[in-house]
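# Coordinate inspection notes
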Amino acid sequence: MPALGLGTWKSAPGEVYQVIRDAINVGYKHFDCALLYGNEPEIGQAFNDAFKAGDVTREELWVTSKLWNNAHKTEFVLPNIQKSIDNLKVGYLDLYLIHWPIVLIPTINFPSIGSELVSLKEVPLAETWRAMIELQKTGLAKHIGVSNFSAKKIQNLYDDSGIMPEVNQVEMHPFLQQNQLKSYCDLHSIIMTAYAPLGSSDRPVNRKVEGEPALFSNQILMQIADNKGISMGSLLLAWAVNRGISVIPKTVRKERLIENLAAADIELSITEMAEISKVNMNYRYVKGDFWCLPGSDYTLDKLWDE
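What counts and how
- Residues numbered from 1 in each chain as written.
- Predicted model: local features only at pLDDT ≥ 70, side-chain atom pairs only at ≥ 80, totals over all residues.
- Heavy atoms only, no water.
- Helix = DSSP H or I, 4+ residues; strand = E, 2+ residues; numbered from the N terminus.
- Rg over C-alpha atoms; globule rule 2.2 N^0.38 Å.
- Buried < 20%, exposed > 50% of the residue type's maximum accessible area, 1.4 Å probe, protein only.
- Lys, Arg positive; Asp, Glu negative; His and termini not counted.
- Charge placed at Lys NZ, Arg CZ, Asp CG, Glu CD.
- Axes fitted to C-alpha atoms, helices over the stretch in contact; angles between N-to-C directions.
- Parallel < 35°, antiparallel > 145°, perpendicular 65-115°, else oblique.
- Left-handed = near helix turned anticlockwise from the far one by under 90°.
- Contact = heavy atoms within 4.5 Å.
- Nonpolar A, V, L, I, M, F, W, Y, C, P; charged D, E, K, R; others polar.

## Topic: the overall build of the protein
What the protein contains, in helices and strands, is 11 helices and 10 strands. Taking 19 Å as the expected radius of gyration for a compact globule of 306 residues, we find that the protein reaches 19 Å, a close match to that expectation. Along the first, second and third principal axes, the C-alpha set of the protein runs to 55 × 50 × 35 Å. A buried classification covers 53% of the 306 residues belonging to the protein. When the 29 basic and 36 acidic side-chain charges of the protein are each reduced to a single mean position, those positions are 1 Å apart.

## Describing the packing of helix α1 (residues 16-26) against helix α2 (residues 40-53)
Close contact between α1 and α2 brings their axes to 8 Å; oriented N to C, the two are set at 40°. The orientation of α1 relative to α2 falls into the category oblique. Seen from above, α1 lies across α2 with right-handed handedness. Along its contact with α1, which presents Val-16, Tyr-17, Ile-20, Arg-21 and Ile-24, the element α2 presents Glu-42, Ile-43, Gln-45, Ala-46, Phe-47, Asp-49, Ala-50 and Ala-53. Tallied by class, residues from the contact of α1 with α2 come to 9 nonpolar, 1 polar and 3 charged.

## Some details on the environment of Val-209
As for its placement among the helices and strands, Val-209 is situated in the loop between β9 (191-195) and α7 (219-228). Linking Val-209 and Tyr-184, residues 25 residues apart in sequence, is a C-alpha distance of 30 Å. For Val-209, the residues in contact, after removing those within four places along its chain, are Tyr-283 and Lys-287.

Here it is, written out as structure tokens:
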């Protein structure tokens, strides 16, 4: 899995086709997708056209997608990966992730009331993980993993099945360094992927908090970027790669695609990494509170196990 990939969350249909074509042309090989994002058909058209044009082969790409929360029951897992594979026109996925440790009723994409959420006591994560393991045996997903999972939840999957996820994709940036989770994943050879590595300032307004800390205004980070003669965005991405983390920034601008990809080759010194470690405040931009609705048994404490 290439260390630096392109995230496609919030890349709107109508613009994502050209972004994918541009990304392939400037050297991207890693693309992070999900059925929920609603743009997989257009991404698939871009992949297909790139294959036909000889810009890249399927085997050169690393394509990730994710199982949405309304398809956690065993019988829904295979049809849902097939849907993503068909949308993306790729034949198989390099990586398939459980998107969230949350279960919804099958007819709902996003809950508005607690009764649209299903308790993990009724559909346990272990059931979903066993279905993912069986899925991997079909070859439709070469690798399987999870997203937004705590160490405790990952350990529970292993205790039940004897098989660890290969990847855990979580929010990660200098304000949320995930040190304990990283130590656990490193110990068990689980690759981590960082989403929202730039602070996700373009996320929906209803998921923002007034007065929240701004990554791009942090004086320590600004000084390091200035001293190295690089942009703040490049510094944040380089920090992830220097920690051994895969990182998937989203952009729709070609010049930013080029700058982000180049960030994977920026080396940070031990001193610079130590300075960045000081800005950690365990601050989540994507809090997950949208799952914690009255009438369900989901809470932030249970979600993150912190």
